[in-house]
Amino acid sequence: AMAGPPGLKPLVAVGQVTSTPDKELNFAACAGLVREAAGRGAAVVFLPEGFDYIGRDAAQTLSLAEGLDGDLMGRYADLARDCGVWLSLGGFHERGRDWPSTQRIYNCHALLDPAGRLVAAYRKTHLCDVELEGRVTMKESSFTNPGTEILAPVSTPAGKLGLSICYDLRFPEISLALRRAGAEILTYPSAFTVPTGSAHWEVLLRARAIESQCYVVAAAQSGKNHESRTSYGHSLVVDPWGAVVAQCREGPGLCYAEIDLDYLRRVRREMPVQGHRRPDLYGTVEAAGLALAP
């Protein structure tokens with residue numbers, strides 16, 4: 001299940017779910033999608049932000065959070081081992097080591113390998129504090145600590161994976177830093193609202209793919225999460241030319257895409273925008289501690 005027979009392009013599966021405050025039901029739904037994707041031969045399975053749960057309010061969200069060493073992540077590690085797949089768990093409500101002192105959590109994108117090992121844990125650096133009058137009010141910073149670093153891309157059977165989460169999508173600086181560090185796939189697991197998703201979701205994802213010349217994989221929440229929350233959905237995969245090559249329908253499900261790194265290299269060779277950048281005019285976007293790709 002890692003990469004398939006020689007000569008075949010690696011397959012990725014993108015999960016779309018409707019998480020609720022019920023963690024058990026959410027796990028059952030996500031595990032079912034992972035097993036289905038593994039059966040189709042997917043090398044990497046992507047789940048969205050809030051795959052573990054979406055709480056009704058900040059108090060419930062905090063009360064349901066766990067550590068990365070807790071029961072739920074242990075079950076996902078077992079699932080990765082059982083299915084022999086990489087799991088991109090796109091937005092885990094993490095009680096970090098500072099929980100006793102801060103009583104705040106992290107929005108954590110956890111990446112597990114097929115042995116169930118935690119290979120990377122990216123903590124969302126841009127928190128969604130938005131007030132669209134009469135439509136959307138969110139203040140993630142009221143209960144979430146911002147992450148403090150961008151992680152180096154991780155080598156997977158599908159390519160070098162750069163980790164982000166949802167609202168990070170609006171900041172091209174992070175994708176450009178990941179591209180400079182060697183990313184071939186950018187991932188934006190999300191829980192976009194309907195007003196912001198219908199206006200900005202696809203155009204932002206395609207823009208990130210085009211400017212970075214990377215594949216973009218975006219798993220999303222879809223539908224009514226609880227009485228006062230509905231998510232936009234439209235999980236998709238964009239290729240390095242900016243074409244949408246896979247997309248989920250409404251409601252829970254999966255879409256699949258082959259990752260063609262030869263095509264990615266061709267796009268970069270024919271239009272070498274990285275080499276055309278003018279750092280002498282506007283500087284260079286890179287993250288502290290990230291090594292540049294060779």
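Basis of the calculations
Residues numbered from 1 in each chain as written. Predicted model: local features only at pLDDT ≥ 70, side-chain atom pairs only at ≥ 80, totals over all residues. Heavy atoms only, no water. Buried < 20%, exposed > 50% of the residue type's maximum accessible area, 1.4 Å probe, protein only. Helix = DSSP H or I, 4+ residues; strand = E, 2+ residues; numbered from the N terminus. Pairing = 2+ DSSP bridges. Axes fitted to C-alpha atoms, helices over the stretch in contact; angles between N-to-C directions. Left-handed = near helix turned anticlockwise from the far one by under 90°. Contact = heavy atoms within 4.5 Å. Nonpolar A, V, L, I, M, F, W, Y, C, P; charged D, E, K, R; others polar. Phe/Tyr/Trp six-rings, centres within 6.5 Å; stacked < 30°, edge-to-face > 60°. Parallel < 35°, antiparallel > 145°, perpendicular 65-115°, else oblique.

(A) Region of the structure containing the pairing of strand E3 (residues 86-94). The buried count for E3 comes to nine of nine residues, which makes it a mostly enclosed element. Pairing between strand E2 (residues 44-47) and E3: four bridges, direction parallel. Its bridge partner lying in E3, Val45 is registered against Leu87. When E3 meets strand E4 (residues 106-112), the two strands line up antiparallel, connected through six bridges. Within E4, the residue paired with Phe92 across the bridge is Cys108.

(B) Representation of the packing of helix H5 (residues 172-180) against helix H6 (residues 194-212). It is the contact of H5 with H6, at a shortest axis distance of 10 Å, that shows an interaxial angle of 35°. Crossing of H5 over H6 shows right-handed handedness. Note on element contacts: H6 touches H5 through Arg208, Glu211 and Ser212, opposite Pro172, Ser175, Leu176 and Arg179. Per-class residue counts for the contact of H5 with H6 are two nonpolar, two polar and three charged.

(C) Up close: the packing of aromatic side chains. Counted according to the given criterion, the structure contains five aromatic pairs. Note on Phe27 and Tyr76: the rings are 5.0 Å apart at their centroids and 85° apart in plane angle, and the pair reads as edge-to-face. Taken together, the residues Phe27 in helix H1 (residues 23-39) and Tyr76 in helix H3 (residues 71-83) connect sequence positions 49 residues apart. Of the two residues examined, Phe27 and Tyr76, each falls in the buried class. Ring centres of Phe51 and Tyr76 lie 5.2 Å apart, and the angle between their planes is 90°; this geometry places the pair in the edge-to-face category. Note that Phe51 is positioned in the loop between E2 and helix H2 (58-64) and Tyr76 in helix H3, a separation of 25 residues in sequence.

(D) Spatial organisation of the packing of H1 against H3. Close contact between H1 and H3 brings their axes to 10 Å; oriented N to C, the two are set at 15°. Looking at the two axes, H1 sits roughly parallel to H3. Considering the relative orientation of H1 and H3, their crossing is right-handed. Of the residues in H3, those in contact with Lys23, Glu24, Asn26, Phe27, Cys30, Ala31, Val34, Arg35 and Ala38 of H1 are Leu72, Arg75, Tyr76, Leu79, Asp82 and Cys83. Tallied by class, residues from the contact of H1 with H3 come to nine nonpolar, one polar and five charged.

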